[in-house]
Amino acid sequence: MIALVTGASSGIGRDIARSLARRGINLIITARRRDRLIELKNELTERYGVKVMCISADLSKENQVLALYEKVRKYDIDILINNAGYGVFGGFTETDLERELDMLDVNVKAFHILFKLFLRDFKRRDCGYILNTSSVAGFLPGPWFSSYYASKGYIVRMTQAVAEELRAERSHVHVSMLCPGPVDTEFSETARVKFLFGAYPSEKLAEHAVREMFGGKLLITNNTCLKALLMAAKLVPDKALAIGAGIFQSKRKTF
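What this report covers is the structure whose coordinates are included nearby. (Residues numbered from 1 in each chain as written. Predicted model: local features only at pLDDT ≥ 70, side-chain atom pairs only at ≥ 80, totals over all residues. Heavy atoms only, no water.)

**Some thoughts on unusual backbone geometry**
Trans is the common state for peptide bonds, and a negative phi is the common state for residues other than glycine.
No. 1: For Trp 144, which is not glycine, the phi torsion reads 70 degrees and is therefore positive.
No. 2: Relative to the assigned elements, Trp 144 resides in the loop between strand S5 (129–133) and helix H5 (146–168).
No. 3: The partly exposed category is assigned to Trp 144, whose relative accessible area is 42%.
No. 4: Not every positive phi belongs to a glycine, and Arg 170 is a case in point at roughly 55 degrees.
No. 5: Within the element layout of this structure, Arg 170 appears in the loop between H5 and strand S6 (174–178). (Helix = DSSP H or I, 4+ residues; strand = E, 2+ residues; numbered from the N terminus. Buried < 20%, exposed > 50% of the residue type's maximum accessible area, 1.4 Å probe, protein only.)

**Structural notes on the packing of aromatic side chains**
No. 1: All chains considered together, the criterion is met by 9 aromatic pairs.
No. 2: Measuring from centroid to centroid gives 5.1 Å for Tyr 69 and Phe 118, while their planes differ by 85 degrees, and the two rings are edge-to-face. Highlighted residues: Tyr 69 in helix H3 (residues 62–72) and Phe 118 in helix H4 (residues 97–125), separated in sequence by 49 residues. The same class applies to Tyr 69 and to Phe 118, which are both buried.
No. 3: Pairing Tyr 129 with Phe 214 gives two aromatic rings, centres 5.0 Å apart and planes at 85 degrees, and the pair type is edge-to-face. Remark: Phe 214 occurs in helix H7 (residues 202–214) and Tyr 129 occurs in strand S5; sequence separation between them is 85 residues.
No. 4: The exposure class assigned to Tyr 129 is buried, which follows from its relative accessible area of 18%.
No. 5: Judged by its relative accessible area of 27%, Phe 214 falls in the partly exposed class.
No. 6: Ring pairs connect the aromatic residues Phe 89, Phe 145, Tyr 148 and Tyr 149, which therefore count as one cluster. (Phe/Tyr/Trp six-rings, centres within 6.5 Å; stacked < 30°, edge-to-face > 60°.)

Shown next, in the form of structure tokens:
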């Protein structure tokens, strides 16, 4: 088997690549930082004996997203880990527009392109796994983190819709969405915000995500408390959710 992992230079993407390599799965890893990719490649080839290809790409650029797909499609990818993404914290009228649009290009546009193109290939072969990285934020409105929350909501609804299409077609392609709470990665540094509570270990989340993906689970999160929160959110009016999320986000510290 061979997997493509986007956003593999750090955090969840890097640790999912490690989890897949432990299972003997060959990898194509991509991110902007080529030095980080080469470091990870050396680690995985030496430790697990798998084949690893590095492709440096900026997924905020549509032409580089399409070029990535064209480079790797000949390898008949079995698994897509659609993970690249980041956040921009702050009031909607205060955040930098260009930085926010770059984020949406990665979180939404690049996600959408890769999801569609690889799913077409997988459906033709009637096999394959796709794991889309979203967040518990994808189920909530997010004052002071509005664009990020909205982008993750896009991933949630798109994955749910496509999963139903595949079910109705009796397809053997499996799609999953990873929706964790705060995770111990470089996310907070990129978003320029500090978590209020302790973050979940990225390595533990990655191993759980890969196991659940191969188990055919649609919604993957990191603990039963978050699952209960997601269930409860369905019963609470959107206005109340927005007020609660706004109070929570306003207490975050920026840097």
